[in-house]
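Coordinate analysis (summary)
Read off the chains here:
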Amino acid sequence: MFRSDASVSLRFSETTSLCPCMASAMAVVAFLISLTMPCQSAVAETLLAGVAKVDITDLDAGPVNDPLYVKALVLKSGSTTTAIVTVDAVAIGGIGHIKDDYLGKVRGIVERELGIPPTNVIANASHCHGIVCKDADDRTVRAIKQAASNLVPVKVGVGTGHEDRIMENRRLKMKDGRTIDVRHAYSIPPDEEIASVGPVDTEIGVLRLDRLDGTTLAVVYNFACHPIQNVPSRGNSADITGFASQVIEDNLDEGTVALFVQGCGGDINPIRYKDVDYPRDAEPLGNMLGLSTLKAVRKIATAEDERLTVLSEVIALPRANTAERMAEMESEQTRLMQSLGGTSLNFKTFIPLFVKYKASEEFPANYPYRYLHDRAMGRKDLDILDAENRANMERYIRNIHTMEKLTRLNTNLRLLKKHHAEGIAAGKRTIDVELTGLRIGDFVLTTFPGELTVQIGLNLKKKSPHKPTFVAGYTNGYIYYAPTTEQLLNVGGAQEDSDCVLGADWQKIYEDKAVEILGKL
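Residues numbered from 1 in each chain as written. Predicted model: local features only at pLDDT ≥ 70, side-chain atom pairs only at ≥ 80, totals over all residues. Heavy atoms only, no water.

**Quick word on the sheet that holds strand S12 (residues 257-262)**
Reading across the sheet, the eight strands line up as S4-S3-S2-S1-S5-S10-S11-S12 and stay open at both edges, with mixed pairing between neighbours. Each of the sheet's edge strands pairs with one partner strand only, and the pair in question is strand S4 (121-125) and S12. For this sheet the average axis-to-axis angle between neighbouring strands, irrespective of direction, equals 25°. Across nine bridges, the pairing between strand S5 (residues 152-162) and strand S10 (residues 203-211) is antiparallel. (Pairing = 2+ DSSP bridges. Helix = DSSP H or I, 4+ residues; strand = E, 2+ residues; numbered from the N terminus. Axes fitted to C-alpha atoms, helices over the stretch in contact; angles between N-to-C directions.)

Below you can see the structure in the form of structure tokens.
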């Protein structure tokens, strides 16, 4: 399950006569000594980095298409040390297979054994829906230790790439002002009701770390998209970003580790997410993202830069109070159910009628000459039949559309009720969130523990005093979706505004604090 890098094998080549546990222990001791011993100025001004990855695929969860990894990048400059952890999982606690105590456990062990402060351990989930093993926390610690035991001097470079082919905004603006999103949990509204779609972020943020001999040690890349396309076999998979990382690693120097950091992908789906004409496949999309990232990596020049800053702050954000909106939705639920009317048709009779009446609008029930002959004889039997069939089909279709509205309403109402109950159980009207600001040379990143929608990321990139700036959601915990204040006017209409614990005025509080932290980096 554990795969070491080539650099690790070289590191321990002098201790091959020792057992693996003794070698690991000696490496940890050496790392702790490096943290505490006084350094000459030349050493203090050198940025050190080490990387590792460990397989966390749950082999007992059914067929596996491709492996899931936890990856660790440990950085040290002077007295500052940080560990960036990326996990092929849906979230850091909250939902999915990573337990709620994961982050606290990992941070506690890493602080105790490596001396890295808890807030300097930054964990980001790719948000793929793969299934990780039950001991993912222990394997995360193993990855961090391995990375920390193999620190080497590195040069730093930052750049951006572009990708616009693999994703789309899933929120559909309706002509009546509502917003509905594209999900498998419910159907898309009729074509004629859809007015427009939302924005995407085409930027790939890239950090390149090279050894002093010019070979690439690690690539950190940041992009906004739900990696939930899956593969045709439906086997366990790291999805789009797993394939992208493999492409990057396969095309750079031996031992290079690519770490994907999820951005503001809360309302961003993979392209063709709802297609039914051919199997959905994450691999081609991942290949495109990987190649676009490689294109950016190869344009980045690296240089020695010792700057390493980590800032962390916990802020309180307002919780939502959706009691009134839930009551409105329950009334709408009743109205829709009562509007369902009887119809002579069932599914079996509706389908052939619908095909016939679409195939020939003027003469659907029979040959044209039969209509013309009956009309010449003064009979309107076929015309009367057509009017009756069309009325029955309209009633049947109206019922279908009503039931589709009910499925969307029921799904979102359940989400609102769930979070309303959680808010009551919490006993307070705010929720604490951990924000991190990270600077590595000219690479600047700010983090948030929820599923930020893309507009918030675009806002922060514009407001930041640093260009470029990158934004990561899904980091250091999980608090569900974090839509904009404008999107929260649509509460109950789409997943992002329903699967949300935040009050409408949270956005300004967060963005102001994030910009403040960025200004200190």
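This is not the end of the story, as more comes after the structure.
**Structural notes on the environment of Gly265**
In this fold, Gly265 is placed in the loop between S12 and strand S13 (268-270). Not counting residues up to four positions away in its chain, the partners in contact with Gly265 are Ala224, Cys225, His226, Leu452 and Tyr474. (Contact = heavy atoms within 4.5 Å.)

**Brief notes about the sheet that holds strand S16 (residues 443-447)**
Overall, mixed pairing links the four strands, which are arranged S14-S15-S16-S18 in an open sheet. Either end of the sheet is taken by a strand with one partner, and the two such strands are strand S14 (308-318) and strand S18 (470-472). Strand-to-strand twist in this sheet, taken as the mean axis angle between neighbours without regard to direction, amounts to 20°. With five bridges connecting them, strand S15 (residues 430-440) and S16 associate as antiparallel partners. Counterpart to Leu438 in the pairing with S16 is Leu445. Sitting on the sheet, helix H14 (residues 506-519) touches S14, S15, S16 and S18, and the angle it makes with S14 is about 165°.

**Some thoughts on the nonpolar core**
Side chains of nonpolar character tend, in soluble globular proteins, to be buried together. Counting 34 residues, the largest nonpolar core has Val70, Val85, Val87, Tyr102, Val121 and Ile144 as the members making the most contacts within it. Contributions of two or more residues to this core are made by strand S1 (48-55), strand S2 (69-77), strand S3 (80-87), helix H4 (102-114), S4 and helix H5 (136-148). The contacts of Val85, once residues within four sequence positions are left out, are Val70, Lys71, Tyr102, Val121, Ile122, Ala123, Asn124, Thr140 and Ile144. In this structure, Ile315, Met329, Tyr478 and Val501 belong to the second largest nonpolar core, which totals 33 residues. (Core = buried A, V, L, I, M, F, W, Y, C linked by side-chain atoms within 4.5 Å. Buried < 20%, exposed > 50% of the residue type's maximum accessible area, 1.4 Å probe, protein only.)

**Here's the deal with the state of the cysteines**
Under the definition given, this model contains zero disulfides. With no disulfide of its own, Cys133 lies closest to Cys128 among cysteine sulfurs, the gap being 13 Å. With no disulfide partner, Cys225 has as its closest neighbouring cysteine sulfur the one in Cys128, 12 Å distant. (Disulfide = S-S within 2.5 Å.)

**Here we look at a nonpolar patch on the surface**
Judged by side-chain polarity, Phe347, Ile351 and Val355 come together as a nonpolar surface patch covering roughly 300 Å² of accessible area. Position of Ile351 among the secondary structure elements: in helix H9 (residues 347-359). (Patch = residues over 30% accessible without salt bridge, like charges linked within 9 Å, V, L, I, M, F, W, Y side chains within 5 Å. Areas by Shrake-Rupley, 256 points an atom, 1.4 Å probe, with all protein chains shown as cover. Salt bridge = Lys/Arg side-chain N within 4 Å of Asp/Glu carboxyl O.)

**Brief notes about the environment of Ser187**
Along the polypeptide, Ser187 turns up in the loop between strand S8 (179-181) and strand S9 (194-197). A residue is classified by how much of its surface remains accessible, and Ser187, at 21% relative accessible area, is partly exposed. Sequence separation between Ser187 and Leu59 is 128 residues; the distance between their C-alpha atoms is 33 Å. When near neighbours in sequence (up to four residues on either side) are disregarded, Ser187 contacts Lys274, Glu404 and Arg408.

**Some details on helix H7 (residues 282-297)**
Look at H7: 22 Å from first C-alpha to last across 16 residues, which is about the 22 Å you get at 1.5 Å a residue. Among the residues making up H7, those that are buried are Ala282, Leu285, Gly286, Leu289, Gly290, Ser292, Thr293, Leu294, Ala296 and Val297. Buried residues along H7 sit in contact with S5, S10, strand S11 (216-223), helix H6 (239-250) and S13. Capping the start of H7, Asp281 holds a side-chain oxygen 3.1 Å from the backbone nitrogen of Glu283, two or three residues further along. (Expected span 1.5 Å × (residues − 1). Polar contact = N/O pair within 3.5 Å; in protein donor to acceptor, adjacent residues only side chain to side chain.)

**Notes on the confidence of the model for the protein chain**
Looking at the protein chain as a whole, the pLDDT averages 92, with 92% of positions reaching at least 70. Scored below 50 in pLDDT, residues 36-44 shows three contacts in the model against residues more than four places distant or in partner chains. (pLDDT = per-residue confidence, 0-100.)

**Remarks on the packing of helix H8 (residues 323-339) against helix H11 (residues 381-426)**
The relative placement of two packed helices comes down to the angle between their axes together with the axis-to-axis distance. Between H8 and H11, the shortest axis-to-axis distance is 10 Å and the interhelical angle comes to 155°. Looking at the two axes, H8 sits roughly antiparallel to H11. Taken as a pair, H8 and H11 cross one another with a handedness that is left-handed. Residues Ala323, Arg325, Met326, Met329, Glu330, Glu332, Gln333, Leu336, Met337 and Ser339 of H8 touch H11, and the partners they reach there are Thr402, Lys405, Leu406, Leu409, Asn410, Asn412, Leu413, Leu416, Lys417 and His420. (Parallel < 35°, antiparallel > 145°, perpendicular 65-115°, else oblique. Left-handed = near helix turned anticlockwise from the far one by under 90°.)

**Some words on the pattern of salt bridges**
Within the structure shown, the criterion is met by 31 salt bridges. The shortest N-O distance in the salt bridge between Arg439 and Asp442 comes to 3.5 Å. Taking the relative accessible area as the measure of exposure, Arg439 reaches 10% and is therefore buried. By sharing partners, the salt bridges in this structure join Arg170, Arg171, Asp181, Glu496 and Asp497 into a single network.

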